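# Analysis of the macromolecular model
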Amino acid sequence: MTENYTPPKVWTWDKENGGTWGSLNRPIAGPTHDKELPVGEHPFQLYSQGTPNGVKVTVLLEELLAAGHDAEYDAWLIRIGKGDQFGSGFVEINPNSKIPALLDRSDPEPVRVFESGAILMHLAEKFGAFLGDPAKRAEMLSWLFWQMGSAPYLGGGFGHFYAYAPHPMEYPINRFAMEVKRQLDVLDKHLADNRFMVGEDYTIADMAIWPWYGRTVHGESYDAGDFLDVQSYTNVRRWADEILERPAVQRGRLVNRTGEGMLEERHNASDFDGLV
Ligand SMILES: N[C@@H](CCC(=O)N[C@@H](CS)C(=O)NCC(=O)O)C(=O)O
């Protein structure tokens, strides 16, 4: 890799391109190996990892259960750093090979759902919960889709070049830091006049945005709290703090993570005993 790179006429795959994800990602889709997915006893089977996109779904499932809905689920760990997302069973439920993916077995015909935003909508509509005031549905959808379109600049753009690239590169770090700070300012200005993303209603838009931007203002994204001056986004911090206090959020953020005090798999409410 050089400073003065001239793209060739036709791009070819350099398997040695380095970086944290360099050995895993490929320019082709489809499975790399045969592996069936485990299936538990509950109506919802979640195949995921506790990254921000994964946490959105476990937070919603825990919120649904806390609100009395029949949303019991088994959450199985897909280790994306080890290539589990390229197993044949996972690719059958998500041809895009990214976590999270859900198998909804609550109806006679199982339904696969991939893309975290689609999973949030599917579950919220199924239970008629966390959709907010119907009169403000367009506002809720706007923020939900804002998150789906914006977070790749934070994760795939800023996070990739700040934390995972083979060496620091000023141009992409500058470009994506500027964009992430612009996004944080969008949120900060909106949350100056709104308790949650849609006024007083806590919805799936908050559940989608919080694991990315709440985590960022708490200084947990890529160890870049000082670099992005996250302390200055006071309204985002107030909103993020309030959401973090919710017991369902505290449970959901532990699921499908490894390490001390985390829950690698979740199959029952009692799995959280002693953890939260
Ligand atoms: N738009 C997708 C993005 C999912 C995504 O990027 N998942 C990441 C983890 S946060 C992943 O599975 N990465 C593995 C890989 O790229 O191979 C969604 O919201 O579900």
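Just so you know, these numbers come straight off a predicted model, no measurement behind them.

## Quick word on the overall build of the chain
- The helix and strand inventory of the chain stands at eight helices and four strands.
- Its helices and strands taken in sequence order, the chain reads β-α-β-α-β-β-α-α-α-α-α-α from the N to the C terminus.
- Relative to its length of 276 residues, the chain is compact, with a C-alpha radius of gyration of 19 Å against a globular reference of 19 Å.
- Judged by the C-alpha coordinates and their principal axes, the chain covers about 60 × 50 × 40 Å.
- Looking at the chain as a whole, 47% of its 276 residues qualify as buried.
- Put simply, 68% of the contacts in the chain that link residues at least 6 apart link residues at least 24 apart.
- One way to put it: in the chain the 26 positive side-chain charges average out to a point 4 Å from where the 40 negative ones average out.

## Overview of the site of the ligand
- With respect to spatial proximity, the complete set of residues near the ligand consists of N25, T51, N53, I80, Q85, F86, K98, I99, P100, E115, S116 and M148.
- Within the backbone of I99, a nitrogen or oxygen atom sits 2.9 Å from an oxygen atom of the ligand.
- In this structure, a nitrogen atom belonging to the ligand sits 2.7 Å away from a side-chain N or O atom of E115.
- Protein burial of the ligand: of its 510 Å² of free accessible surface, 81% is covered by the chains.
- Counted by class, the shell around the ligand contains five nonpolar, five polar and two charged residues.

## Some remarks on the packing of aromatic side chains
- Summed over all chains, the structure comprises twelve aromatic pairs.
- Relative to Y162, the ring of F158 has its centre 4.9 Å away and its plane inclined at 20 degrees; by these criteria the two rings are stacked. Of this pair, F158 and Y162 both sit in helix 4 (residues 137–164), separated by four residues, roughly a single helical turn.
- Overall, the relative accessible area of 30% leaves Y162 in the partly exposed class.
- When the ring of F158 is compared with that of F227, the centres are 6.0 Å apart and the planes differ by 20 degrees; the resulting orientation is stacked. Taken together, the residues span a long stretch of sequence, with F158 in helix 4 and F227 in the loop between helix 6 (204–217) and helix 7 (234–244) at a distance of 69 residues.
- In textbook terms, an aromatic cluster arises when at least three aromatic residues are bridged by ring pairs, as seen for F158, Y162, Y164, Y222 and F227.
- A cation over an aromatic ring shows up here: R26 above the ring of F86, its NZ or CZ 5.0 Å from the ring centre.

## Thoughts on the side chain of S88
- With respect to the helices, strands and loops of the structure, S88 is situated in helix 2 (residues 88–93).
- You can call S88 buried: its relative accessible area is 16%.
- Discounting residues that sit within four places of it in the chain, S88 has contacts with P31, H33, D34 and K35.

## A word on the sheet that holds strand 3 (residues 101–104)
- In spatial order, the strands read 2-1-3-4; together these four strands make up an open sheet with mixed pairing. Since the sheet does not close on itself, it has two edges, and those belong to strand 2 (73–77) and strand 4 (111–114), each with one partner. Geometrically, the sheet is characterised by an average inter-axis angle of 20 degrees between neighbouring strands, direction not taken into account.
- Where strand 1 (residues 44–48) lies against strand 3, four bridges are found, and the strand directions are antiparallel. In the sheet register, L46 faces strand 3, and the bridge partner there is L102.

## A look at the UniProt feature "domain: GST N-terminal" (unreviewed entry) in the chain
- UniProt annotation of "domain: GST N-terminal" (unreviewed entry) refers to residues 41–131 when read in the numbering used here.
- Across residues 41–131, the secondary structure splits into 36% helix and 20% strand, with the terminal C-alpha atoms separated by 27 Å.

## Observations concerning the nonpolar core
- By size, the foremost hydrophobic cluster in this structure holds 62 residues, and its most contacted members are L123, F158, L187, M197, I204, Y213 and W239.
- Residue assignment for this core shows that the elements contributing at least two residues are strand 1, helix 1 (52–66), strand 2, helix 3 (116–127), helix 4, helix 5 (170–191), helix 6 and helix 7.
- Per element, the largest residue contribution to this core is nine residues, and it comes from helix 6.
- Two domains share this core, each providing at least three of its residues, namely domain 1 (1–129 + 254–276) and domain 2 (134–245).
- The residues touching F158, leaving out its near neighbours within four places in the chain, are Y153, A163, I173, F176, A177, V180, Y222, A224, F227 and L228.
- Counting nine residues, the second-largest nonpolar core is a separate cluster that includes I78, I80, F90 and I99.

Conventions adopted
Residues numbered from 1 in each chain as written. Predicted model: local features only at pLDDT ≥ 70, side-chain atom pairs only at ≥ 80, totals over all residues. Heavy atoms only, no water. Helix = DSSP H or I, 4+ residues; strand = E, 2+ residues; numbered from the N terminus. Rg over C-alpha atoms; globule rule 2.2 N^0.38 Å. Buried < 20%, exposed > 50% of the residue type's maximum accessible area, 1.4 Å probe, protein only. Contact = heavy atoms within 4.5 Å. Lys, Arg positive; Asp, Glu negative; His and termini not counted. Charge placed at Lys NZ, Arg CZ, Asp CG, Glu CD. Near = heavy atom within 4 Å. Polar contact = N/O pair within 3.5 Å; in protein donor to acceptor, adjacent residues only side chain to side chain. Areas by Shrake-Rupley, 256 points an atom, 1.4 Å probe, with all protein chains shown as cover. Nonpolar A, V, L, I, M, F, W, Y, C, P; charged D, E, K, R; others polar. Phe/Tyr/Trp six-rings, centres within 6.5 Å; stacked < 30°, edge-to-face > 60°. Lys NZ or Arg CZ within 6 Å of the ring centre and 35° of its normal. Pairing = 2+ DSSP bridges. Axes fitted to C-alpha atoms, helices over the stretch in contact; angles between N-to-C directions. UniProt positions renumbered as here; feature names shortened; annotations may be inferred. Core = buried A, V, L, I, M, F, W, Y, C linked by side-chain atoms within 4.5 Å. Domains from an automatic or database assignment.

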